[in-house]
Amino acid sequence: MQENPVRSLIEDLGRNLSQKPQSDHLFPYGKIQGKAIVPENFVEITDVKNPRKIAFVDGGDGVLEESPNFMIIVNRVYFSMFQGKKRINASKLKQRIEFFSYVVSEVVGDDDKKSISYNTKLFPYSKSDLSYLPDESDLASKTESSNVQESKLISLSRRFAEWNLAASVVSEELSEGDILVMDGSLQTGYKNESKYASKLYDIAQEKGVIICGLAKTSRLIMDSGEPFLARIQEIAEGVPYGTWFVEVAEMASSDNRGHMLAAKFHPNSRHIFRFEILREQFNGMDDSEKNDILASLAANSHDIAMPGYPYGSIDADRFAQVRKNELDMYRGLIKAEMSKISEWKRLQKYTLTTRFHDDLNWVTS
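The text that follows walks through the structure, step by step, so that each part is easy to find. None of these values were measured; they are calculated from a predicted model. (Residues numbered from 1 in each chain as written. Predicted model: local features only at pLDDT ≥ 70, side-chain atom pairs only at ≥ 80, totals over all residues. Heavy atoms only, no water.)

Some remarks on the pattern of salt bridges
Note that side chains of opposite charge can pair when their charged atoms are close.
Here's step 1: Scanning all chains against the criterion turns up 23 salt bridges.
Here's step 2: We note a salt bridge from Lys 324 to Asp 328, for which the minimum N-O separation is 3.4 Å. Taken together, the residues Lys 324 and Asp 328, both in helix α8 (residues 324-339) and four residues apart, mark about one turn of the helix.
Here's step 3: Residue Asp 328 is classed as partly exposed on the basis of its relative accessible area of 39%.
Here's step 4: Of the charged contacts, one joins Asp 328 and Arg 331 as a salt bridge, the two residues approaching to 3.6 Å between their closest N and O atoms. In this pair, Asp 328 and Arg 331 both sit in helix α8, three residues apart, roughly one turn of the helix.
Here's step 5: Its relative accessible area of 29% is what places Arg 331 among the partly exposed residues. (Salt bridge = Lys/Arg side-chain N within 4 Å of Asp/Glu carboxyl O. Helix = DSSP H or I, 4+ residues; strand = E, 2+ residues; numbered from the N terminus. Buried < 20%, exposed > 50% of the residue type's maximum accessible area, 1.4 Å probe, protein only.)

Rendered as structure tokens:
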């Protein structure tokens, strides 16, 4: 028997990971057209006198009640705007939209072939927010398996609302040359999501607003299996610039219209980020305009708490997030309303089927 299994695990994992050969190409997902990531291809980001106006869009959600056949979720989407370090107030739109949603599952079909359908209903705080919400029919799905990825069901409504809010921000708050940054990549992984992303892209291209995506984390890997951003960090050690970007791939996947870059926005930052620009717009830019876009992000990335990450993204994350104390408050409201309806006394047993672990933790913690 091993005397110290944790030490043995770490030593074995370290040996395993360090024996992998290194690579300068991204792993070829789908139609990816990777480029060699070598120090010669890194481009310095130089300061600009007048950074462009940037809008940052983010969203958050949290489950309020659930059972194997329904979920109640609170959703929030938010945007903020900055020019360099200066915050800019919205002139026409509400900056934060909140709504509730529920997802119910239903077994359909006959004995020969059964499937499970998932349908969503949306309930905005205000009727004026309805225009930001997706069509409920676009959120419907059907599967023959009961092993559905729960996180997808939870975030679907919020994700579609982010695209809708972004399209409204471009339409009502931004002008030609301005930038809109979506939280995450520009990839559309859900059924019907490309419809909402395309609406944003069409409006933005018509107005000349640049669409970007900034991912906090990345699970992409290189040809060798190394983490994509960690390998670029290593290659960048031979680059003489404090702030830089490097092109990584013209097409990361068939459902992503972003041209993928990696970027470092502050000389003292320990982090680099996956950054995307709508491919059709990136291909039409000269070197000066590319620098303008990246330098405008860098001009917003001097917050002392997290140098190198745009303050606008920090702000959007903070105000879009649904915090634990808020979830507790909403759960109290949900329970209070349930107690007033006799039907819920019968249905209450549904929620007990997923709550035992929480009750056990309460007893044993």
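Observations regarding the nonpolar core
Here's step 1: Core analysis: the largest hydrophobic core is formed by 34 residues, its most contacted members being Leu 180, Leu 200 and Ile 211.
Here's step 2: Mapped onto this core, the elements with two or more residues apiece are β2 (53-67), β3 (70-83), β5 (96-109), α2 (150-172), β8 (179-183) and α3 (193-207).
Here's step 3: When residues in this core are grouped by element, the largest group, nine residues, is from α2.
Here's step 4: The residues touching Ile 211, leaving out its near neighbours within four places in the chain, are Val 170, Leu 180, Leu 186, Leu 200, Tyr 201, Ala 204, Glu 276, Ile 277, Leu 278 and Gln 281.
Here's step 5: Core analysis: the second largest hydrophobic core is formed by 28 residues, Phe 273, Ile 277, Leu 294 and Ala 316 among them. (Core = buried A, V, L, I, M, F, W, Y, C linked by side-chain atoms within 4.5 Å. Contact = heavy atoms within 4.5 Å.)

Some details on the packing of aromatic side chains
Here's step 1: Under the defined criterion, the tally for this structure stands at eleven aromatic pairs.
Here's step 2: Plain terms: the ring middles of Trp 163 and Tyr 201 are 6.0 Å apart, the flat faces sit at 85° to each other, and that makes the pair edge-to-face. With Trp 163 in helix α2 and Tyr 201 in helix α3, this pair connects stretches of sequence that are 38 residues apart. As far as the burial class goes, Trp 163 and Tyr 201 line up, both buried.
Here's step 3: Through a chain of ring-to-ring contacts, three or more aromatic side chains come together here, namely Phe 56, Phe 82 and Tyr 311. (Phe/Tyr/Trp six-rings, centres within 6.5 Å; stacked < 30°, edge-to-face > 60°.)

A closer look at unusual backbone geometry
Here's step 1: With a phi close to 75°, Asn 192 is a non-glycine residue in the positive phi region.
Here's step 2: As for its position among the elements, Asn 192 is in the loop between β8 and α3.
Here's step 3: Of the residues examined, Asn 192 reaches a relative accessible area of 27% and is grouped as partly exposed.

A word on α8
Here's step 1: Taking 1.5 Å as the rise per residue, α8 with 16 residues should run 22 Å; its terminal C-alpha atoms sit 23 Å apart, in good agreement.
Here's step 2: Three or more residues of α8 are buried, namely Glu 326, Leu 327, Tyr 330, Ile 334 and Met 338. In a view along the axis of α8, the buried residues occupy a sector of 110°, so they form one face of it. (Expected span 1.5 Å × (residues − 1). Arc of directions from axis to C-beta.)

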